[in-house]
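# Observations on chain architecture
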Amino acid sequence: MSAPQFDIVFRGVRPGVDPELVKSQFASLFKLDAAKVERIFKSKNITLKHRANERLANIFVVRLLAIGVIAEKLNIEPEVIAAPIPTIDNGETASDACAMHQPVEFLYGEHTRRIPFVFSGTGFGYCKIWLVNILVSVLSAGILLPWAQVRSMRYFYQHTQLDHTEFYYKAHPLRIYLAQLAITACLFVLAYSFLLSTSLFFIGIFAFLLVLPFYCLKRNYFEHKHSSYRHIFFRQESAIRDAYMALLIWPILLIFSGGFLAPYVLFKIQQYRFQKKYLGDYEFGFTSAPKKYLTLLVPLLVAQCLVLACLHWRAQLPVYILLSVVIIALITVYIHWRVTLVNLQWNGVSSKLGYFVSSWSLRSYAELLLKNLLLCAITLGFYLPWAKVSLAKYKAEHLAFYANQRFKKWQQNLN
């Protein structure tokens, strides 16, 4: 008996996703013009792929879902005969089982090349660096902490690959040390001013907050300047005004709004992080929209209601029950926000070389986070290197870069 065959049928756009962005990614994925894309999106019963086996149908549905398209696989009778002319992408396959990293068959002609991120580090390999970093930092009373941070950064950069090429981080620890020394000195001055005068302490807090966005801006410049891919360095050219709006003004408005402005504030912060960012001469753009961030409000409001309910019933219920409810609510909000923000961030980033697709899921990330927390607690923190490595692998397994022809030409020019 022959294996079952499936048709992949277009069913619409995922709720809460920007249709224009989905159309743009769909057109780029299948190399279609705007008119054909419009005809497909106006219909609810167009077959995108005919007679696919079950594995290919599942991968096809997942890939479309990653860009915001709902597709359904329909079982067809074995005797149905069709003669489509597909184009096969035999591109990169990762060692993981994530569907977006496997070869995919497309219906239309030349398409974007999918390049998965790969993390090759191991828990034991990073553990050796981690133990040396702790020993050096303790023996030096924290003076050599920047050197330890640079060693850790280099390990994760150099074990992260895109298209068989690793990233590189070459910052000099001395400059990080000087910046951290200045921050530490400011904190000591604030602590001392608190002992002298309350008014002087609040003046110091105000001055510290005024300087903090400038420090973050310069730190971003520094990190990008010393991060590279294929010997091409990243850079960010954000204006100081944008830094103060994203890192000071909007967070203050968030506090005064009681959290209701959280979706828009987080959108503005992520927009700031990716605007004016370059790899060589190619600029990254952030195409997400504020309305996509509205899903962040639901778990936040539920958590706030639970906390208020616990405060109201604090005299009637045991403390351990109230604390358990609050902790579970906070962890749930954190997981939902973390997954949503990562997907919104990467799915909104693109450049003339291509775009990114992130596929974090609530269940898989929650399982990873809870496993890491449990093992770190059981081992009194000694599982931390393995936890960091497992998180880095998760990030790589659920992120891919969809390159276009410009990326290929760019690579050829570098060789």
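Since the model is a prediction, treat every value here as computed from it, not as a measurement. (Residues numbered from 1 in each chain as written. Predicted model: local features only at pLDDT ≥ 70, side-chain atom pairs only at ≥ 80, totals over all residues. Heavy atoms only, no water.)

### Observations regarding the nonpolar core
What counts here: Side-chain atoms within 4.5 Å are what join buried Ala, Val, Leu, Ile, Met, Phe, Trp, Tyr and Cys residues into a set we call a nonpolar core. Relative accessibility decides the category of a residue: with a 1.4 Å probe and only protein chains considered, values under 20% of the type maximum give buried, values over 50% give exposed, and everything between is partly exposed. Every helix listed is a DSSP run of H or I at least four residues long, and every strand listed is a run of E at least two residues long, numbered separately from the N terminus. We call two residues in contact whenever any of their non-hydrogen atoms come within 4.5 Å of each other.
Core analysis: the largest hydrophobic core is formed by 41 residues, its most contacted members being Phe117, Tyr229, Tyr293, Phe401 and Phe407. With 5 residues, the top contributor of residues to this core is helix H11 (residues 319-347). Apart from the residues lying within four places of it in its own chain, the contact partners of Tyr293 are Pro263, Leu266, Phe267, Gln270, Phe286, Ser288, Leu341 and Leu344. Core analysis: the second largest hydrophobic core is formed by 27 residues, Val22, Ala52, Tyr355 and Tyr402 among them.

### Observations concerning the sheet that holds strand E11 (residues 277-279)
Under the convention used in this document: DSSP-based pairing: two strands are paired if at least 2 bridges between them are found. To get an axis, a line is fitted to the C-alpha atoms, and for a helix only the part in contact is used. The angle between two axes follows their N-to-C directions and goes from 0 to 180 degrees.
If you trace the 10 strands once around the closed barrel, you get E6-E7-E8-E9-E10-E11-E12-E13-E14-E15, paired in antiparallel fashion. Each strand axis lies, on average, 30 degrees off the axis of its neighbour in the sheet, ignoring direction. Judged from the 3 bridges that link them, strand E8 (residues 165-169) and strand E9 (residues 227-229) form a sheet pairing that is antiparallel. Within E9, the residue paired with Phe167 across the bridge is Tyr229. Contacts from helix H9 (residues 262-274) reach strand E10 (232-236), E11, strand E12 (282-286) and strand E13 (349-351), with the element oriented near 175 degrees to E12.

### Some details on the confidence of the model for the chain
Which entries qualify depends on this criterion: As a per-residue measure, pLDDT tells how confident the predictor is, with possible values from 0 to 100.
Per-residue pLDDT for the chain averages 81, and the proportion of residues at 70 or more is 90%. Counting interchain partners and residues more than four positions distant, the pLDDT-below-50 stretch residues 79-111 has 89 contacts.

### Side note on the sheet that holds strand E3 (residues 69-76)
Spatially, 3 strands are ordered E2-E1-E3 in an open sheet, and the strand pairing comes out antiparallel. In this open sheet, the two strands that pair with only one neighbour each are strand E2 (47-52) and E3. Each strand axis lies, on average, 20 degrees off the axis of its neighbour in the sheet, ignoring direction. Here strand E1 (residues 5-13) runs beside E3; their pairing, made up of 8 bridges, is antiparallel. When the bridges of E3 are listed, Phe6 appears paired with Asn75.

### What to know about the packing of aromatic side chains
Let me state the cut-off plainly: Two aromatic rings from Phe, Tyr or Trp, using only the six-membered ring of Trp, form a pair when their centres are within 6.5 Å; if the ring planes differ by under 30 degrees the pair is stacked, by over 60 it is edge-to-face, and anything between is tilted. Two limits define a charge over a ring: the Lys NZ or Arg CZ must be within 6 Å of the ring centre, and within 35 degrees of the ring normal.
The full count for this structure, using the stated rule, is 29 aromatic pairs. Ring geometry for Tyr383 versus Trp386: centroids 6.4 Å apart, planes at 15 degrees, classification stacked. Take Tyr383: its relative accessible area is 17%, and that puts it in the buried class. The ring of Tyr278 has Arg235 lying over it, and the distance from NZ or CZ to the ring centre is 4.3 Å. A cation sits over an aromatic face here: Lys277 above Phe274, 4.4 Å from the ring centre.

### A closer look at the pattern of salt bridges
For clarity, the cut-off: One side-chain nitrogen of Lys or Arg within 4 Å of one carboxyl oxygen of Asp or Glu is enough to make a salt bridge.
Tallied over the entire structure, the rule returns 8 salt bridges. Among the salt bridges present, the one from Glu72 reaches Arg11, with a minimum N-O distance of 2.8 Å. Of this pair, Glu72 sits in strand E3 while Arg11 sits in strand E1; the two residues are 61 residues apart in sequence, bridging distant segments of the chain. Of the residues examined, Arg11 reaches a relative accessible area of 29% and is grouped as partly exposed. Measuring nitrogen to oxygen at the nearest pair gives 3.1 Å for the salt bridge that ties Glu38 to Lys23. Here Glu38 is found in helix H2 (residues 34-42), whereas its partner Lys23 is found in helix H1 (residues 19-30), with 15 residues between them in sequence. The network of salt bridges with common partners includes Glu20, Lys23 and Glu38.

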